[in-house]
Amino acid sequence: MSSATRVLSHVVRSRELAVAVVLVALVVVTTLRNDNFLFSPDGWRNLLLNPSMLLILAVGQTAVIITRNVDLSVGSTLGLTAYAVGKLYTTYPDLPVVLVFLAGLVFGGLLGLVNGVLVTFGKVPALVITLGTLYIYRGIFLSWAGSDRITASDMPRDFLALGTKQVLTIPVLTIIALVVLAAVGYYLWTARGGREMYAIGSDPDAAVLYGLQTTKRVLSAFVLSGALAGLAGVCYAARYGSISSGAGRDIELQAVGAAVIGGVAIFGGVGTVWGAAIGAVLLTTINSSLPILGVSDFWQRAVVGALILAAVVLDRVLSARQAKRLAAEREAPTDPPPTASPTRQEVPA
Amino acid sequence: MAEPTLVLEDVAKSFGAVAALRSGSLTVEPGSIHALVGENGAGKSTLVKIVAGVHRRDSGTFRLLGTDADFSSTAESKAAGVAVIYQEPTLFPDLDVTENIFMGRQPVGSWRRIDRHRMYAEAAALFDRLGVAIDPRRPARGLSIADQQILEIAKAISLDASLLIMDEPTAALSGVEVERLFTVARSLRDEGRALVFISHRFDEVFDLCDTVTVMRDGEYVGTERIAETSVDEIVALMVGREVTDLFPKTPAEIGEVVLDVRDLSATGRFHDVSFQVRAGEIVGLAGLVGAGRSEIARAVFGIDDYETGTVTLGGDAVRKRSPREAIRAGMAFIPEDRRQQGLVTEASVARNVAAVIRRGLSRAGLLTTSMENDAVGPWAGRLEVKTSALDMRAATMSGGNQQKVVIAKWLATEPRLLIIDEPTRGIDVGTKSEVHRLLSDLAGQGMAILMISSELPEVLGMADRVLVVCEGRLTADMPREDATAEAVMHAATHRDGHTAGGAHHEPHAAEKSEVSA
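Conventions adopted
- Residues numbered from 1 in each chain as written.
- Chains lettered and ligands numbered in written order.
- Predicted model: local features only at pLDDT ≥ 70, side-chain atom pairs only at ≥ 80, totals over all residues.
- Helix = DSSP H or I, 4+ residues; strand = E, 2+ residues; numbered from the N terminus.
- Contact = placed C-beta atoms within 7 Å.
- Rg over C-alpha atoms; globule rule 2.2 N^0.38 Å.
- Core = buried A, V, L, I, M, F, W, Y, C linked by C-beta atoms within 7 Å.
- Buried ≥ 20, exposed ≤ 12 C-beta atoms within 10 Å, placed from the backbone.
- Pairing = 2+ DSSP bridges.
- Axes fitted to C-alpha atoms, helices over the stretch in contact; angles between N-to-C directions.
- Parallel < 35°, antiparallel > 145°, perpendicular 65-115°, else oblique.
- Left-handed = near helix turned anticlockwise from the far one by under 90°.
- Expected span 1.5 Å × (residues − 1).
- pLDDT = per-residue confidence, 0-100.
- Arc of directions from axis to C-beta.

Draft legend 1. Structural view of the overall build of chain B. Broken down by element type, chain B carries 18 helices and 20 strands. Within chain B, counting contacts between residues at least 6 apart in sequence, those at least 24 apart form 67% of the total.

Draft legend 2. Representation of the overall build of chain A within the structure. Counting secondary structure elements, chain A contains 16 helices and two strands. Its C-alpha radius of gyration of 22 Å places chain A within 12% of the 20 Å reference for a compact globule of 349 residues. Once the C-alpha set of chain A is aligned to its principal axes, its extents read approximately 75 × 55 × 40 Å. In chain A, 79% of the contacts between residues at least 6 apart in sequence involve partners at least 24 apart.

Draft legend 3. Representation of the nonpolar core within the structure. Core analysis: the largest hydrophobic core is formed by 160 residues, its most contacted members being A:Ile56, A:Leu57, A:Ala58, A:Val59 and A:Ala277. If near-sequence neighbours (up to four positions away) are discounted, A:Ala277 is found in contact with A:Leu55, A:Ala58, A:Val59, A:Leu181 and A:Gly262. If you look at the next biggest cluster of nonpolar residues, it comprises 71 residues, including B:Leu288, B:Val318, B:Ile420 and B:Met462.

Draft legend 4. Structural view of the sheet that holds strand E14 (residues 308–313) of chain B. All names here are of chain B. Read across the open sheet, the four strands follow the order E12-E11-E14-E15; overall the sheet is antiparallel. Of all the strands in the sheet, just strand E12 (270–278) and strand E15 (316–317) have a single pairing partner and so form its edges. Sheet topology places E14 next to E15; two bridges connect them, and they run antiparallel. By the bridge assignment, Thr312 is partnered in E15 with Ala317. Relative to strand E11 (residues 257–266), helix H10 (residues 293–301) is tilted by about 115°, and along the sheet it contacts E11, E12 and E14.

Draft legend 5. Molecular detail of the packing of helix H6 (residues 74–91) of chain A against helix H8 (residues 126–145) of chain A. All names here are of chain A. Packing of H6 against H8 leaves a shortest axis separation of 8 Å and a crossing angle of 25°. Relative to H8, the element H6 is oriented roughly parallel. Here H6 and H8 pass one another in a crossing that is left-handed. Taking contact as the criterion, the partners of Gly75, Ser76, Thr77, Gly79, Leu80 and Tyr83 in H6 are, on H8, Leu134, Tyr137, Arg138, Ile140, Phe141, Trp144 and Ala145.

Draft legend 6. Structural view of the pairing of strand E17 (residues 417–421) of chain B. All names here are of chain B. Of all five residues making up E17, five are buried, and the element is well covered by its neighbours. Both strand E16 (residues 331–334) and E17 contribute to a ladder of four bridges, which runs parallel. Bridge assignment links Met331 to a residue of E17, and that residue is Leu417. Bridge analysis of E17 against strand E18 (residues 448–452) gives five bridges, and the strand direction is parallel. Directly across from Asp421, in E18, lies its bridge partner Ile452.

Draft legend 7. Up close: helix H7 (residues 97–122) of chain A. Between its terminal C-alpha atoms H7(A) stretches 37 Å, which fits the 38 Å expected from 26 residues at 1.5 Å a residue. Looking at the packing, one finds that the buried side of H7(A) touches H6, H8, helix H9 (157–162) and helix H13 (214–240) of chain A.

Draft legend 8. Structural context of the sheet that holds E16(B). Residue and element names in this part refer to chain B. Ordered by their spatial adjacency, six strands build an open sheet running E16-E17-E18-E13-E19-E20, and the pairing between neighbours is mixed. In the strand order of this sheet, the two ends are held by E16 and strand E20 (473–479), each with one partner. Pairs of neighbouring strands in the sheet enclose a mean axial angle of 15°, with direction left out of account. Contacts between H10 and the sheet are confined to strand E13 (282–287), E16, E17, E18 and strand E19 (465–470), with E17 contributing the most and set at about 150° to the helix. In this fold helix H18 (residues 485–493) packs onto E13, E19 and E20, with an angle of close to 30° to the strand it touches most, E19.

Draft legend 9. Here's a closer look at unusual backbone geometry. Residue and element names in this part refer to chain B. For Asp217, which is not glycine, the phi dihedral falls at a positive 50°. Along the chain, the position of Asp217 falls in the loop between strand E9 (211–216) and strand E10 (219–225). Positive phi, close to 45°, is recorded for Asp272, a residue that is not glycine.

Draft legend 10. The arrangement of the environment of B:Leu438 in detail. Residue and element names in this part refer to chain B. Examined against the element boundaries, Leu438 turns out to sit in helix H16 (residues 429–444). Judged by local crowding, Leu438 falls into the partly exposed class, with 19 C-beta atoms found within 10 Å. Between the C-alpha atom of Leu438 and that of Ile407, which follows or precedes it by 31 residues, the distance is 9.3 Å.

Draft legend 11. Structural view of the confidence of the model for chain A. Confidence along chain A averages 86 in pLDDT terms, with 93% of residues attaining 70 or more. Between the elements of chain A, mean pLDDT differs from a low of 74, seen in helix H1 (residues 3–12) of chain A, to a high of 96, seen in helix H5 (residues 52–66) of chain A.

Draft legend 12. A look at helix H2 (residues 15–33) of chain A. Residue and element names in this part refer to chain A. Taking 1.5 Å per residue as the helical rise, H2 with its 19 residues ought to reach 27 Å, and the 27 Å between its terminal C-alpha atoms agrees with that figure. Arg15, Val19 and Thr30 are the residues of H2 that are buried. Buried positions in H2, seen along its axis, are confined to an arc of 35° and lie on one side of it. When the buried face of H2 is taken as reference, the exposed residues oriented beyond 90 degrees from it are Val21, Val24, Ala25, Val28 and Leu32. Where H2 is buried, its residues contact helix H3 (36–39), helix H14 (251–261) and helix H15 (273–292).

Below you can see the structure in the form of structure tokens.
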């Protein structure tokens, strides 16, 4: 098999493609109903712009889930960082935009570090730890902000302009999200650290026997997730201009949902950020297209839930079938075992 | 002579109150293949894990390549040039086989980017050297045990280590694969590396190795040159203890058939397993770790599924995949890891015992502590569980007493058949005999007992009849008189070629001897 056909057959059978097909079908059907959905300038911009924050969160979430953990605190981190950015601007109105983005990354990364330290050194499941920090970070936000809210007038105009600005019709925030996606995707695919994250999630005990630095890797996954949630918070501030204490509420569950729909196994070791990113776009797009298709508000949430369940059931069925097939394959030639027989030798050129 | 690659002297290691290794010694010269033999539980694996950096020794000398060593992680031992092939393969099922080999030390190019092309080429070259046709890009999930072992070997070879330890690498391999492995091992030896080879197969030990060290009960027994010793001598060193005194099984009257298992098969786990257990009889299920003994027991009790075959208890068929049904029919099952599966260690003794009979105890759906204590008192008394109050938490008791609580828990259901997996694992020698006496008493009262054990003396001392499992098949069924350490070991390690059991021992007419094809 040549490497081109191998890549092709891999892509055709991939979860990423399947989700992308669903997404395209959804966009096509919705556009047929109302062509403003795709072909008006606003429609095009919103289609690209709306998923950008969830996409960033889903990328970070994927890195964490791959190590067999989960980060539920990202919604609170997003909100807290967005508010902190507003406060930063009320104190230093002339701060360069780049510095603000950097501050958001660092602030979010610190919050992620707290999660990571508690999970790796406390030996408590991430689900519990990050559920705790979800409430703690939100609580800090509430007591800091009180009934106060940040409004567009608190922030400089060129910062807010970033929220809607487009380059060649592509919104800037979307470009930021795509850069993040590409960078993390590249790291997970081709750096030792990234591959070790998959290994840790696939079998944590084996990872220890291999001598991998499991603590360091899990810690960095949480820092990454926190930093990206911080970045998403800055994007949130730029996009909406108004930050109340409800900012980012419930978005952590959407981030987990996006990853699961995109084929990231909740038990770790499997999945890509590409899949999670497509899942994030699908989730956001469903929310805007279902009203156009005449689906009531209640059913919109049910559809999202059904999608997640369908993804999980599909994974279950496929892996059970694969396990059965592999067991049968192993049984077939009892002696000599399959390896000893001169079967297909597939060494790529 | 050159400096030894590995020196271990009087190394000890305890886990809690249990001494896994009392005094282990091993000296391995460069350019040699050194066999390490001993029964299950003799301390070989613990010794290996200390060298590998999985465990840290409590005391003793450990020198590697002439310098003192004390590894606190496997990464440190790897860096020092130690490669270990573990008995149970450690793999990442979701990743492909090449990544499994190179994880943590992938070849990298510029920008520390993994050079996938080189990595797959190196993996293909490794498989070539081992003479196997494994696709370097296939996932590790679903590999046969043999292929998993090959992968472990490929991993170890690619490390370019000066000391290679193989912990029963051939248990799952076929003859051809074993020969290839040995060829590679010999070429590594000729390069001047040191190899440690742990095996139960004496023909392989004598074929491959030049020196052999024997361990027993966590202690060093002796080292011999292969050319100057014999299988009989090694076995004598391994067993070397009066079996019957330690494990008293009082003869009981053997009654009618209680458990009748016919042609049980489950793909990938076990095949055509047929045996019977009679009232008052203790049947020992022997075999190597991973041979499929526990899997058979779990299937009989209904925890795991099986594809074909029947299980009958006292003449009535037992529905598969239903432990509830099995309990109701009169079965009891005490799993290997009692902390994990049999005992709620955080709960009180009384609650643990009452857990199984809760339905019979509760009144109007309520269960009070006093009811639990009332119901449980007589049982604990009968078992002499030394728990001053039944309210004591199970976790704080010794291993022996915990095991008794687990047994008490099941006795309260008044079973006809007791399946017990590794009854004395992790229990100190003194309490072991108490557990054995208890099992013997129960058999004397007419209970049928199926006992899985990896400790040969325990099987030989306790069992009225010994069944041996090898790679998922019953390879021997011998009565107490015929069961010797050699015969059981032989049956446990031979499935192909010469058939076990039948060739050495005439099976008794009434009993069915399963001999694999």
